[in-house]
Amino acid sequence: MWRHMTGAERILEVLLTRRSVSPRRLEQPGPNPDELDAIIRAGLRAPDHGGLHPWRVIEFRPQNREALAWCFEQEKLRRDPLASPTDLRRAREHATRPPLLLGFVVSPRERSKIPTREQWLSAGAALGNLLSAAHQLGYGAIVLSGERCFDETLARQVGVLPGEYLAGFISMGSIGEAPPQAREVLSQSVWSCWQGWQEEAGQPGRPEQPGQSILPSDRVRGS
Ligand SMILES: Cc1cc2nc3c(=O)[nH]c(=O)nc-3n(C[C@H](O)[C@H](O)[C@H](O)COP(=O)(O)O)c2cc1C
């Protein structure tokens, strides 16, 4: 892919090469406090209607990971009282393994004039910035939710407040083993170009007619 990289692609290389890196491919060290601060500031630069920053992160420091592992284990047992020792070990490892672990919490401001869906989009954009910033600093990162993020007891135990949502846990660390090649998705799969209303001969288009779009196959690069 990069043999044919254009100038524009070269400039966007950090964004174009970001990949999620699973926790088992991560190793110490994770981002240091200054780097974590820069990563969070990158999150705060995401587009944010009303400047509400409707999200926050909870850092789980090494000295509290065993306590978090206990919470994960208990959550697994609530969901599956017959969970095997292997399942419980895996649940604990999700808390103990990542060099740096953050909870990503969406915090919509209920009383704001900004529509809730736009607040969720802002939070998602911030999440993307956090992951891209970690990548830019040379770290691997991934966000994983799993069923545990839907467990109210766990959410309360880690400090998620009523009206907030535990969207996922972000693992970050140095890359011990490179992730597999990303599957390339063509930009055309999410692209279309509105053509306005189709006019019949001599008849101006009517607004209630559905709009016409150029199909991706008609797309001309650079036009
Ligand atoms: C909020 C959120 C939660 C996610 N939770 C999971 C998850 O529980 N399990 C999973 O396999 N992928 C999950 N993903 C997807 C991965 O983080 C990752 O984006 C996906 O594997 C694609 O990899 P890529 O980022 O390299 O394209 C989640 C993504 C988001 C944004």
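Refer to the structure printed above.
All of these numbers come straight from a predicted model, not from anything done at the bench.

Draft legend 1. Summary view of the overall build of the chain. Along the backbone of the chain there are seven helices and seven strands. Along its sequence from the N terminus, the chain presents helices and strands in the succession α-α-β-α-β-α-α-β-α-β-α-β-β-β. Per-residue burial over the chain gives 33% buried out of 223 residues. Considering only contacts in the chain between residues 6 or more positions apart, those separated by 24 or more positions represent 74%. On the chain, roughly 14,500 Å² of surface is accessible, and the fraction owed to carbon and sulfur atoms is 53%.

Draft legend 2. How the structure looks around the packing of helix α4 (residues 65-79) against helix α5 (residues 85-96). Running from N to C, α4 and α5 point in directions that differ by 140 degrees, and their axes come no closer than 8 Å. In terms of their interaxial angle, α4 and α5 are classed as oblique. As for how α4 packs across α5, the hand of that crossing is right-handed. Contact residues: Arg65, Glu66, Leu68, Ala69, Trp70, Phe72, Glu73, Lys76 and Leu77 in α4; Asp87, Leu88, Ala91, Arg92, His94, Ala95 and Thr96 in α5.

Draft legend 3. Quick peek at the packing of helix α3 (residues 33-44) against helix α6 (residues 116-136). Contact geometry for α3 and α6: axes closest at 7 Å, N-to-C directions at 145 degrees. Crossing hand, α3 versus α6: right-handed. Residues Ile39, Ile40, Ala42 and Gly43 of α3 pack against Ala126, Asn129, Leu130, Ala133 and Ala134 of α6. When the residues that make up the contact of α3 with α6 are grouped by side-chain class, the tally is seven nonpolar, two polar and no charged.

Draft legend 4. Geometry of the environment of Gly173. Mapped onto the elements of the fold, Gly173 is located in strand β5 (residues 165-175). By relative accessible area, Gly173 is classed as buried at 0%. Spatially, the C-alpha atom of Gly173 lies 8.8 Å from that of Arg25, the residues being 148 residues apart in sequence.

Draft legend 5. Representation of the site of the ligand in the model. Residues in close proximity to the ligand include Arg18, Arg19, Ser20, Leu127, Ile142, Val143, Leu144, Ser145, Gly146 and Ala167, which together make up its full environment. Between Val143 and the ligand, the recorded distance is 2.6 Å, taken from a backbone N or O atom to an oxygen atom. Contact distances for the ligand include 2.9 Å between an oxygen atom and a backbone N or O atom of Gly146. In terms of residue class, the shell around the ligand is built from five nonpolar, three polar and two charged.

Draft legend 6. Main features of the nonpolar core. Residues Phe104, Ile170 and Met172 are the most contacted members of the largest nonpolar core, which totals 19 residues. Of all elements in the fold, only α3, β3 (100-106), α6 and β5 reach the threshold of two or more residues within this core. Of all hydrophobic cores here, the second largest spans 16 residues; its members include Leu68, Ala95, Val105 and Leu154.

What counts and what doesn't
Residues numbered from 1 in each chain as written. Predicted model: local features only at pLDDT ≥ 70, side-chain atom pairs only at ≥ 80, totals over all residues. Heavy atoms only, no water. Helix = DSSP H or I, 4+ residues; strand = E, 2+ residues; numbered from the N terminus. Buried < 20%, exposed > 50% of the residue type's maximum accessible area, 1.4 Å probe, protein only. Contact = heavy atoms within 4.5 Å. Areas by Shrake-Rupley, 256 points an atom, 1.4 Å probe, with all protein chains shown as cover. Axes fitted to C-alpha atoms, helices over the stretch in contact; angles between N-to-C directions. Parallel < 35°, antiparallel > 145°, perpendicular 65-115°, else oblique. Left-handed = near helix turned anticlockwise from the far one by under 90°. Nonpolar A, V, L, I, M, F, W, Y, C, P; charged D, E, K, R; others polar. Near = heavy atom within 4 Å. Polar contact = N/O pair within 3.5 Å; in protein donor to acceptor, adjacent residues only side chain to side chain. Core = buried A, V, L, I, M, F, W, Y, C linked by side-chain atoms within 4.5 Å.

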